[in-house]
Structures are given as structure tokens and as C-alpha cells.
Amino acid sequence: EKRRHWRTRSITDDPKHEEVSFLPGMLSYAGSGPDSRYGEVFIVMPDTPQRQLEHFGANSWETPFGIVQQPLDETPITRWHETGDIKPFGDGTNPERIHQDDGYEYLMTNFPELDYIETCRVEEIEVNADKEL
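The structure presented is a predicted model; accordingly, all values stated were derived computationally and were not measured.

Within the chain one finds four helices and three strands. Reading the chain from its N end, one meets helices and strands in the order α-β-β-α-β-α-α. Across the 133 residues that make up the chain, the buried fraction comes to 29%. Partitioning the contacts of the chain with sequence separation of at least 6, the portion at a separation of at least 24 is 59%. Here the chain displays about 9800 Å² of accessible surface, and carbon together with sulfur accounts for 50% of that area.

A full pass over the atoms with the stated rule returns three salt bridges. Asp102 is the salt-bridge partner of Arg97, the closest N and O atoms lying 3.2 Å from each other. Asp102 gets classed as partly exposed once you look at its relative accessible area, which sits at 33%. Via salt bridges that share partners, Asp13, Asp14 and Arg37 belong to a single interconnected network.

The biggest cluster of nonpolar side chains holds seven residues, and these are Phe22, Met26, Ala30, Phe42, Val44, Leu53 and Phe56. Among residues more than four places away in sequence, those in contact with Phe42 are Phe22, Met26, Leu27, Ser28, Tyr29, Ala30 and Phe56.

Picture the strands of a sheet paired through backbone hydrogen bonds; they go either parallel or antiparallel. Spatial strand order, β2-β1-β3: three strands in an open sheet with antiparallel pairing. The open sheet has two free edges, formed respectively by β2 (41-43) and β3 (64-67), since each of these has just one partner strand. Adjacent strand axes in the sheet meet at a mean angle of 25 degrees, parallel and antiparallel pairs treated alike. Taken together, the three bridges between strand β1 (residues 26-29) and β2 define a ladder with antiparallel strand orientation. Note on β2: the bridge partner recorded for Tyr29 is Val41.

Attention shifts here to the packing of aromatic side chains. Inspection of the entire model under this criterion finds five aromatic pairs. On the numbers, 6.3 Å between centres and 10 degrees between planes, the contact of Phe22 with Phe42 is stacked. Of this pair, Phe22 sits in the loop between α1 (2-7) and β1 while Phe42 sits in strand β2, and the two are 20 residues apart along the sequence. Neither Phe22 nor Phe42 differs from the other in exposure class; each is buried. Judged by centre distance (5.2 Å) and plane angle (45 degrees), the rings of Phe22 and Phe56 are tilted.

Of the residues making up helix α4 (residues 103-110), those classed as buried are Gly103, Tyr106 and Leu107. Looking straight down α4, one finds its buried side chains confined to an arc of 95 degrees; they lie on one side. With respect to the buried face of α4, the exposed residues turned more than 90 degrees away are Met108 and Thr109.

By secondary structure assignment, the location of Ala30 is in the loop between β1 and β2. In this structure the C-alpha to C-alpha distance between Ala30 and Glu40, which are ten residues apart in sequence, comes to 5.5 Å. When sequence neighbours within four positions are dropped, the list of residues in contact with Ala30 reads Arg37, Glu40, Val41 and Phe42.

Calculation notes
Residues numbered from 1 in each chain as written. Predicted model: local features only at pLDDT ≥ 70, side-chain atom pairs only at ≥ 80, totals over all residues. Heavy atoms only, no water. Helix = DSSP H or I, 4+ residues; strand = E, 2+ residues; numbered from the N terminus. Buried < 20%, exposed > 50% of the residue type's maximum accessible area, 1.4 Å probe, protein only. Contact = heavy atoms within 4.5 Å. Areas by Shrake-Rupley, 256 points an atom, 1.4 Å probe, with all protein chains shown as cover. Salt bridge = Lys/Arg side-chain N within 4 Å of Asp/Glu carboxyl O. Core = buried A, V, L, I, M, F, W, Y, C linked by side-chain atoms within 4.5 Å. Pairing = 2+ DSSP bridges. Axes fitted to C-alpha atoms, helices over the stretch in contact; angles between N-to-C directions. Phe/Tyr/Trp six-rings, centres within 6.5 Å; stacked < 30°, edge-to-face > 60°. Arc of directions from axis to C-beta.

Now the structure itself:
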């Protein structure tokens, strides 16, 4: 199964960029330790408290790689359900359980309001280094 295949192929952490601050709508890989990223991502939710925004990026595996371009209130994100941080850091999903044979059943049973991204596309955009996100 693809999810187990990709679980064994981690992505090396990005160099730390002190000037990058997390904002609602940013996308980042989820990880559980150094060089542990692979295919799980999270989107910073619109109502994320400032203290959490300041904490994001403290770990080497948390580096934003994208941002939702539309105003968040015009997207389905505002209706999504939050699960919280992964175990052992929070009360969210257990990454080890997700990758077992009954992983999807685990998610559906324990996180029935969980949303799934069905499609995604990458667009090349020109970034002006002087412009704030």
C-alpha cells in the first residue's frame, strides 16, 4: 500500500530560517523528530492562537512550504475539523496507528470529523523577496 511505502522514505529537514513565521493558511509537513517528514502535512488553521503560531517552526521538521492563496474565509478550511497535534505532543492522531493495516478505520473511528484532501496541484509562482506573505 502506498502510505506504508512512503512512510519509509523520509524527507531531510530544511535549514532553519529564523525570518519565516507561520501564518494561518500555511502548509507544513508534519513530523515527529529530526528528518521524520514524509507525506503528512498540516494547514495552520485560521483561529490558531498566537502562542501556537510562535511555537510552529521551533522544530527542525516544521518548515512552511506553501500557503493557501485565497482568503481563508472563501475556502473550505474554515469548516474543517482540527485534530490537534500528533501523539505524543498532543491529543491528535497517532502516526504509528495510521500506517497499520487498519489505519483508515482507526482514523474514521477515532476522528470521524477528519477531512481529507482529495486533490492538490502545484503552481509555479514568482516570489518577490521583498514582499511579505
